[in-house]
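# Structural overview
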Amino acid sequence: MAKSDYVINDLLGYPYNGKYPPKGDKHGIYHGYASDAEETLFYDFAVQGYDLTFLYKGKRYYFLSTPDHVALCDECYTEEFQVFPDGNAALEQFKIDGKSLLELIDLLEEVEPV
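Just so we're clear, the structure is a prediction, and the values are computed from it rather than from any experiment.

### Things to note about the overall build of the protein
- When you go through the protein residue by residue, the secondary structure sums to four helices and nine strands.
- Overall, the protein shows an N-to-C arrangement of helices and strands of α-β-β-α-β-β-β-β-α-β-β-α-β.
- Rg of the C-alpha trace for the protein: 14 Å, near the compact-globule value of 13 Å for 114 residues, within the 12% margin.
- Each principal axis of the C-alpha distribution contributes one length, and for the protein these read about 40 × 30 × 25 Å.
- Residues classed as buried in the protein amount to 42% of the 114 residues present.
- The long-range fraction of contacts in the protein, counting pairs at least 24 apart against all pairs at least 6 apart in sequence, stands at 44%.
- Surface summary for the protein: the accessible area is close to 6500 Å², and the carbon and sulfur share equals 52%.
- Mean positive and mean negative side-chain charge positions of the protein (9 and 21 charges, respectively) differ by 6 Å.

Have a look at this one:
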């Protein structure tokens, strides 16, 4: 699925993640998502295309977002270790301890757009 397949505009023209849409009031504290981590992953990273950093079990991870792909990178965003077609694919396909970021979302710390 390409990013253009899941980024949808609401009636006011604001983009949102059609595959992982907000479930609550869009104007609430996390714009309809259950946590800050969900908002950052599903909206800032997957829709807006911000780079991403987070901690998991004391290890920091870095993801670079480009118009063409998303990549797991080093801390300087200069070396790409693993490449994904888009943000949602990275959330679904990147594995830590055999689990996707979607499965680990509540265990991630310091989830921040860069």
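### Regarding the nonpolar core
- Among the nonpolar cores identified, the biggest contains 26 residues, and Phe54, Tyr61, Phe63, Phe94, Ile96, Leu101 and Leu108 are the most heavily contacted of them.
- Every element with two or more residues in this core is listed here: α2 (36-45), β3 (52-56), β4 (59-65), β5 (70-73), α3 (87-93) and α4 (101-104).
- Per-element tally for this core: the top contributor is α2, with four residues.
- With near-sequence residues (within four places) excluded, tyrosine 61 lies in contact with Leu52, Thr53, Phe54, Tyr56, Leu72, Phe94 and Ile96.

### Quick notes on unusual backbone geometry
- Residues other than glycine seldom take positive phi values, yet lysine 57 does so here, at roughly 50°.
- Mapped onto the secondary structure, lysine 57 falls in the loop between β3 and β4.

### A look at the packing of aromatic side chains
- According to the stated counting rule, one finds ten aromatic pairs in the structure shown.
- Note on tyrosine 33 and phenylalanine 42: the rings are 5.5 Å apart at their centroids and 40° apart in plane angle, and the pair reads as tilted.
- Classification of tyrosine 33 as buried rests on a relative accessible area of 9%.
- Ring geometry for tyrosine 62 and tyrosine 77: centres 5.7 Å apart, planes at 85°, overall edge-to-face. Highlighted residues: tyrosine 62 in strand β4 and tyrosine 77 in the loop between β5 and β6 (80-84), separated in sequence by 15 residues.
- Taken together, the ring pairs in this structure connect Phe45, Phe54, Tyr61, Phe63, Phe84 and Phe94 into an aromatic cluster.

### Brief notes about the pairing of β6
- As defined by bridge partners, β5 adjoins β6 across four bridges and the pair is classed as antiparallel. Bridging across to β6, valine 70 finds its partner in phenylalanine 84.
- The hairpin formed by β5 and β6 contains six residues between the paired strands, and tyrosine 77 there has a positive phi angle of roughly 60°.

So, how was this worked out
Residues numbered from 1 in each chain as written. Predicted model: local features only at pLDDT ≥ 70, side-chain atom pairs only at ≥ 80, totals over all residues. Heavy atoms only, no water. Helix = DSSP H or I, 4+ residues; strand = E, 2+ residues; numbered from the N terminus. Rg over C-alpha atoms; globule rule 2.2 N^0.38 Å. Buried < 20%, exposed > 50% of the residue type's maximum accessible area, 1.4 Å probe, protein only. Contact = heavy atoms within 4.5 Å. Areas by Shrake-Rupley, 256 points an atom, 1.4 Å probe, with all protein chains shown as cover. Lys, Arg positive; Asp, Glu negative; His and termini not counted. Charge placed at Lys NZ, Arg CZ, Asp CG, Glu CD. Core = buried A, V, L, I, M, F, W, Y, C linked by side-chain atoms within 4.5 Å. Phe/Tyr/Trp six-rings, centres within 6.5 Å; stacked < 30°, edge-to-face > 60°. Pairing = 2+ DSSP bridges.

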